[in-house]
Each structure stands twice: as structure tokens, then as C-alpha cells.
Amino acid sequence: RLELRCLRAGARALVLDAHPALSVRRAALLPPGGAEDGEGRELPFESSPFASYGSALRIALPEPPRPGQLLAVRIDYEAGEGPGVCWLTPEQTAGRQKPYMYTQGQAVLNRSFFPGFDTPAVKCTYSATVQVPEGFTAVMSATTWEKQKDNTFIFKMDHPIPSYLIALAVGDIVSAEVGPRSRVWAEPCLIEAAKKEYDGVIEEFLAVGEKLFGPYVWGRYDILFMPPSFPFGGMENPCITFVTPCLLAGDRSLVDVIIHEISHSWFGNLVTNATWGEFWLNEGFTMYAQRRISTEVYGSAYTCLEAATGRALLRQHMDNTGEDHPLNKLRVVIEPGVGCLSPLLGVNPDDTYNETPYEKGYCFVSYLAHLVGDQGKFDAFLQAYVEQFKFQSITADDALNFFLEYFPELKKQGVDSIPGLEFNHWLNTPGWPPFLPDLSPGQQLMKPADELAELWAADSLNMEAIEAVDITAWKTYQLVYFLDQILQKSPLPEGNVERLSTMYPKISKAQNAELRLRWCQIVLKNNHEPEYSKVKDFLRSQGKQKYTLPLYRAMWGGSESARALAMETFSVTAPQLHVNVQNYVKKILGLEVAE
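No experiment lies behind these values; they were computed from the predicted model shown.

1. Describing the side chain of T356
In this fold, T356 is placed in helix 6 (residues 356–372). Excluding its chain neighbours within four sequence positions, the residues that come into contact with T356 are L314, H317, M318, L327, N328, K329, L330 and G361.

2. Focus on the sheet that holds strand 5 (residues 45–51)
In spatial order, the strands read 2-6-5; together these 3 strands make up an open sheet with antiparallel pairing. Of all the strands in the sheet, the pair left with one neighbour each is strand 2 (13–18) and strand 5. The average angle at which neighbouring strand axes cross in this sheet is 25 degrees, direction not considered. Note that strand 5 and strand 6 (residues 54–60) share 6 bridges and pair antiparallel. Residue pairing across strands places F45 opposite I59, the latter belonging to strand 6.

3. Considerations on the UniProt feature "active site" (unreviewed entry) in the protein
Sites flagged by UniProt as "active site" (unreviewed entry) map to E261 and Y358. Spatial clustering of the annotated residues is evident: they stretch over 98 residues in sequence, but the largest pairwise C-alpha distance comes to 12.9 Å. As for its placement among the helices and strands, E261 is situated in helix 3 (residues 256–263). Owing to a relative accessible area of 8%, E261 belongs among the buried residues under this scheme. With residues up to four places along the chain from it excluded, the contact list for E261 reads Y221, G234, M235, E236 and T241. Overall, Y358 belongs to the buried group, its relative accessible area being 13%. One polar contact links Y358 to Y353, side chain to side chain, over a distance of 3.3 Å.

4. With respect to the packing of aromatic side chains
Scanning all chains against the criterion turns up 47 aromatic pairs. Ring centres of Y216 and Y221 lie 6.4 Å apart, and the angle between their planes is 75 degrees; this geometry places the pair in the edge-to-face category. With relative accessibility at 2%, the residue Y221 sits in the buried group. For the cation-ring pair, R315 lies above W432, with the distance from its terminal atom to the ring centre recorded as 4.4 Å.

5. Here's the deal with the UniProt feature "binding site: Zn(2+)" (unreviewed entry) in the protein
Feature annotation in UniProt assigns "binding site: Zn(2+)" (unreviewed entry) to the following positions: H260, H264 and E283. A stretch of 24 residues holds the annotated residues, and the largest C-alpha distance among them is 9.3 Å, short enough that they meet in one place. Inspection of the secondary structure puts H264 in the loop between helix 3 and strand 20 (271–273). Beyond its immediate sequence surroundings of up to four residues, H264 is in contact with E236, N269, L270, N282, E283 and T286. You can call E283 buried: its relative accessible area is 2%. Excluding its chain neighbours within four sequence positions, the residues that come into contact with E283 are E236, H260, H264, P357 and Y358. Looking at E283, its side chain comes within polar contact range of the side chain of H264, at 3.2 Å.

Analysis parameters
- Residues numbered from 1 in each chain as written.
- Predicted model: local features only at pLDDT ≥ 70, side-chain atom pairs only at ≥ 80, totals over all residues.
- Heavy atoms only, no water.
- Helix = DSSP H or I, 4+ residues; strand = E, 2+ residues; numbered from the N terminus.
- Contact = heavy atoms within 4.5 Å.
- Pairing = 2+ DSSP bridges.
- Axes fitted to C-alpha atoms, helices over the stretch in contact; angles between N-to-C directions.
- UniProt positions renumbered as here; feature names shortened; annotations may be inferred.
- Buried < 20%, exposed > 50% of the residue type's maximum accessible area, 1.4 Å probe, protein only.
- Polar contact = N/O pair within 3.5 Å; in protein donor to acceptor, adjacent residues only side chain to side chain.
- Phe/Tyr/Trp six-rings, centres within 6.5 Å; stacked < 30°, edge-to-face > 60°.
- Lys NZ or Arg CZ within 6 Å of the ring centre and 35° of its normal.

Printed below as a string of C-alpha cells:
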């Protein structure tokens, strides 16, 4: 049921985003202020092609509404097989007993979950009534949640949000309180681990975020630990972030990943990019906010080290695609083809996903902070920016014009047109960022890791020097940085990997996914067969795209035995992977991909 307000005269039809996987049964115009369940006046409708990722649902109106007029339209439809709705078999869950379903809306997938305006330019409130079988629980991205009889759940989101943030999950899930406004949700077999890992920490991050960026408006901040096959790190659905169970490292070493999702509560969810072509407004500001919170909580040395690993990922991405690839701009052209001649020419926004909006976007926001030259003043600007644009969708021009109005002395100096650093150049020229924030405070953590990696790459190992370095106090990102250096220097001289493995069980036997990924990459690059089983175990334990694909690429690019390991592992784990990830792996292994 859509409640609409007419903006312009002359609308003879309502055109909504939909998907071939939706089957629409009926459309009706409800009487003004009409009964919730009235039949209403039946309306003719038709579906037509729109783009590779969806279709247009056109509903004819009996007469054009007046500007300002309110109308309610009811659509009866069935959904299920679309790309935004994921159905998991019991094997794809952690408990392996019951099925599970969840929706993933970003970027343009929710049109296969419900017909509507599936664009980040439009925001609305929503409510839902969800009935599920006994033994299952439903959760949604909503400010209120109430269970009624017959296993029916009532949800309401009181703040306007873009369609991609409407999310539903149904499964055998339970919850535990971990703070005054936070609980964790997970399958029963994971709930204790989730509670232990997150008890008390979320509130600290929220409080720092509020101090920096203004009030947290969403009421609760809950986390749902998804089944292991969830292909993403996290999805910032308001009130309840969906995250990978890989964050349950057992030692709180990955809790700062949650800081990124919490930061979206201001940047992305409250102030939203009006088009997916300016995704950096969501992600660049969120990376900056994440690193501000991280600096307050963990200090600048640690945060700079984390930012250095992010910069390395951007470098890797740009080396892979070529710097001048059009996706390596902050402003990407992805509008669908214009007019009826080319409805399928539009680029699918999901295919534009890469490191650029995150890390190059972060560099641009850091450059704006550098122009201001005073952290306190820039923090105050961010708070004013959120206050100015909250519950709205904006363009880069809106954001940058507000920046120049807020700092008139900078506007007078013409900071938007400094040669080589023009705002326009930042937005529209592909390639490496023209300004890089200073990460030198991270040197105190990077230098010992660099030196230790040098020692391990030597032909004859200087064990005395190696044993003099104590890594027991090193935090995750310092170890990650060290392993990245080892990986770059691999293959190491004969026998060194074996000794490294014995010397540091903290690394070679880690439960932490970031460390396991890199250790598996080192095992493969050095063709260290005695530890091949660790690669298989890691790939069986989770299905996150960012961990799964690099390991299959490494196996397929390796020795005969590594290729055999790839085939053997995939034959066992394929059923537990998300269908997109299955297809990406099939491409790597040269297998047929079902259309």
C-alpha cells in the first residue's frame, strides 16, 4: 500500500520500479482516507522493460491528481525469486537445522522485493506486518518491533529512509542485550559468542559518534549476525546492521569494523547520496567518520595503520583496472539509457562497486579537512552538514556548496579551483587521489612490522634478531600489515614459512578472518602443502566474497596440487555459497555459469 503525494499536475499514470520476478495480481486506488483493507477502485497496469536490473510497472490513474493531492494505491503481488530476496537451505546456516531468508536492497535490488520508487533520491517511512511459521523470528530495519499472536510481527520505521535500507530477515534467531540501546541477534549456536564479543563496546562507539556528529536519531542500534554464507562484511540497515559472522573473532580484534556501519547512521542513512553515481557521498564521508571515531577510541597510530591498509587496497584496485578506468572517478555516470530506444543501456549500479568511493572519497573529505586546517572546526562543520541535510538526499554540488558557504573565507580564497586540486578535478577525473592525508603517525607500528618481514625474507634466518621482536601485543591491523609485507616478499626461501608458522601460532592458528585470509594466501603463494587443509577449512567456515574470491584466484594461479585443492574445496562448499559468489568462483575455475 503506497501513500503518495502528487507533486506536479498532469500525471496520468504512476510509474514504479519493479522486477520480472515480481508477479503483480491487482492494483487499486483506495478511497481518500479510506479503510485499510477496502477493495478500492481497480486500476489497469502493465509491466515494461526498463534496465538490465529491473522493469517498470505502469499503473494508469482514473484522472490526473492535483498538485498536493494525497492518494493511496494498493498493489497485490507475489515475490520470491528475485535477486534482492535470498533463500537459504539449512546447510547454508550456522545451525544447519532450519532454513533462513533475508533481503539485500543496496543498490537497486529491493525492486524485486516490493514495487516502489527504488532510488536513493526518494525517502519515506514504512510499516509492515510479517507472519512467519512457528519456530521462526522476523526482524526488520525499523524503529519499533512488536510480536503479536499467530507468530506475527509488526514493524514501523518512523523516519524517512531510501528504499534500499528497507530490510527483512527471517530465521531461527534469538537476541541478547549488549548495551542500553543495543542487542545482538544471531542463530542460537552463535548468540553466546556474539554477546561476549560485543558486550559493552557498541555504546562507546555510539557515544563518540554522537559527540562528533550530533544525536543518534534511530533509537536502537542492533546487530544481526548473518549465516556464514552472507556475502558481504556488513550492510548498514538502520536500527539493525546485518554483518558477517566473521566478525566473531573471539578476542574483539575486529569490533572496529562495526564502527564503519555505525558511522553510516549519520553519513548514508541520515544524509544520503541522491544518485548511485555519487556513492562517495555515502562512503567517503563514512570512511572519514569511521577513522575519526577510531582515532578517539584507539588513537591516531592505530587508525593511520588501518588507513594504510585501506590505501594499499585502493592501490591494488587501481593497478588491476588501470588508473584511468572510468570507475576510478568519484562521479560515475550510471543513469539508465534515455528514452525508449535504449532502455537496457543503463549500467547496473551494483557493477560499479569498488574501492574508489571509499578510499578516494576518504582522501577528498580529508582534503576538505586539510583546507580548513583545524580538526575542531572541521568536526563542527560535519555536525552542521548533518543538521542541514538530515533525512534528505543530496548531490556532491549540494555538499560542496554548503562547505564553501560554511567557510566564507575559504570561498573567497577560491579553494575550489586550486590548479590540480579543483573540486571538479576530484569529482570528474579518474585516477590516484591528488591529495593523500598524512599517515605518518602509523609509522611507529609499521616500521617494526617492515623490519620483521625483512628478517623473515632472508636466505639464512637471523633467529636472534627475530626472537628479540615480541609480537604478542600487536593488534590485528599491525599483524595484517606484517602479513601483507610477507605476502609481497613470497615465495620465501625454502623452510622459512614452516618456521614462521611454528614461531607464531597466534598467526598460523588464528581464528581471526583477516589473519586467516592472509595466512592462507601465504600458504598458497609459497606452495606450502602441509597447511593446505587450513585453506579448505577457512573456505568451509564462511562465504564472504572478499575472502572467497582472492583465495580461489590464488589456488587457480598456483601449482597442480593448488588447482586440485580449488576443485575439491568448491565441490564441497558450492551449495553453501551465495549464488552470485558461486558464479564468480565458477568463472575463476573456468566452469559453466548457469544463466
